[in-house]
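Structural overview for review
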Amino acid sequence: MSTKYSFRLQSRDHRRPLPDKVIIGQQDTETVTHVLLKFLAYVIFFRERLQLETNLHQESIPFVPDLVQLDYELRPKLWVECGECTVNKLNKLAVKVPEAEIWVLKRSPEAVAQLLKAMAREDLRRNRYRLIALEPEMSDEMIALLKPRNEMLWVAGDWEPPNLQFDFNGLWFDVPFTVHEF
């Protein structure tokens with residue numbers, strides 16, 4: 001691990017009681033964009049038993065998810081991949097984690113469109129995946145603001161219509177995002 005990023009969190013959304021602090025380590029092969037996407041995914045999908053980069057220690061699942069929520073029998077119920085994710089990996093996940101919701105978070109609509117095209121070309125199972133496309137301008141601004149120590153005030157995040165409202169390191173964001181199903 002080359003760098004650690006800490007995020008102090010406050011939530012004004014009673015439906016999302018975020019923890020006071022989250023620390024995300026940047027692995028040697030990860031970009032800053034990947035770290036930021038993991039953080040945003042953590043906040044967007046926050047729920048009980050949500051874990052960052054947890055090794056599941058199951059031979060049948062040879063992957064480490066960016067985010068996972070396990071049920072009480074330690075089976076994945078939610079699996080989130082952030083940034084770069086191969087179609088081959090997604091195809092295997094559909095089989096290896098049959099009960100889990102599988103989500104992919106990308107930094108832009110263009111990145112989601114490329115992945116959707118590749119998934120269709122490889123004939124992946126339908127009605128199994130959901131993809132979120134963030135606004136690239138928001139991603140770029142947040143990357144420019146990212147420091148080893150960060151602060152976020154979460155105000156709201158809605159699915160209908162998809163929209164995020166928060167303050168990150170002193171800059172206000174009120175941005176839509178798009179959700180695609182495959």
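To keep things clear, this report deals only with the structure shown in the data block.

About the thresholds
Think of each chain on its own: its residues are numbered from 1, step by step along the sequence as written. Only residues with pLDDT of at least 70 are given local features in this predicted model, and only at 80 or more are side-chain atom pairs given and counted; all residues enter the totals for whole chains, interfaces and linings. In computing side-chain values, all of the structure's heavy atoms are included and hydrogens and water are not. Salt bridge criterion: a side-chain nitrogen from Lys or Arg within 4 Å of a carboxyl oxygen from Asp or Glu. Remark: exposure states derive from per-residue accessible area (1.4 Å probe, protein chains only) relative to the maximum for the residue type, with buried under 20%, exposed over 50%, and partly exposed in between. Numbering of helices and strands runs from the N terminus, with a helix taken as a DSSP run of H or I at least four residues long and a strand as a DSSP run of E at least two residues long.

Let us now look at the pattern of salt bridges. Throughout the structure, instances matching the rule amount to 16 salt bridges. A salt bridge links Glu30 to Lys38, with the shortest nitrogen-to-oxygen separation between them at 2.9 Å. A residue is classified by how much of its surface remains accessible, and Glu30, at 12% relative accessible area, is buried. On the basis of relative accessible area, Lys38 is assigned to the buried category, the value being 0%. Salt-bridge contacts for Arg107 lead to Asp140; the nearest nitrogen and oxygen are separated by 2.4 Å. Taken together, the residues Arg107 in the loop between β6 (101–106) and α3 (109–121) and Asp140 in helix α4 (residues 136–145) connect sequence positions 33 residues apart. Note on Arg107: relative accessible area 25%, which makes it partly exposed. One salt-bridge network, in which partners are shared between bridges, spans Asp71, Glu73, Arg75, Lys77 and Glu99.

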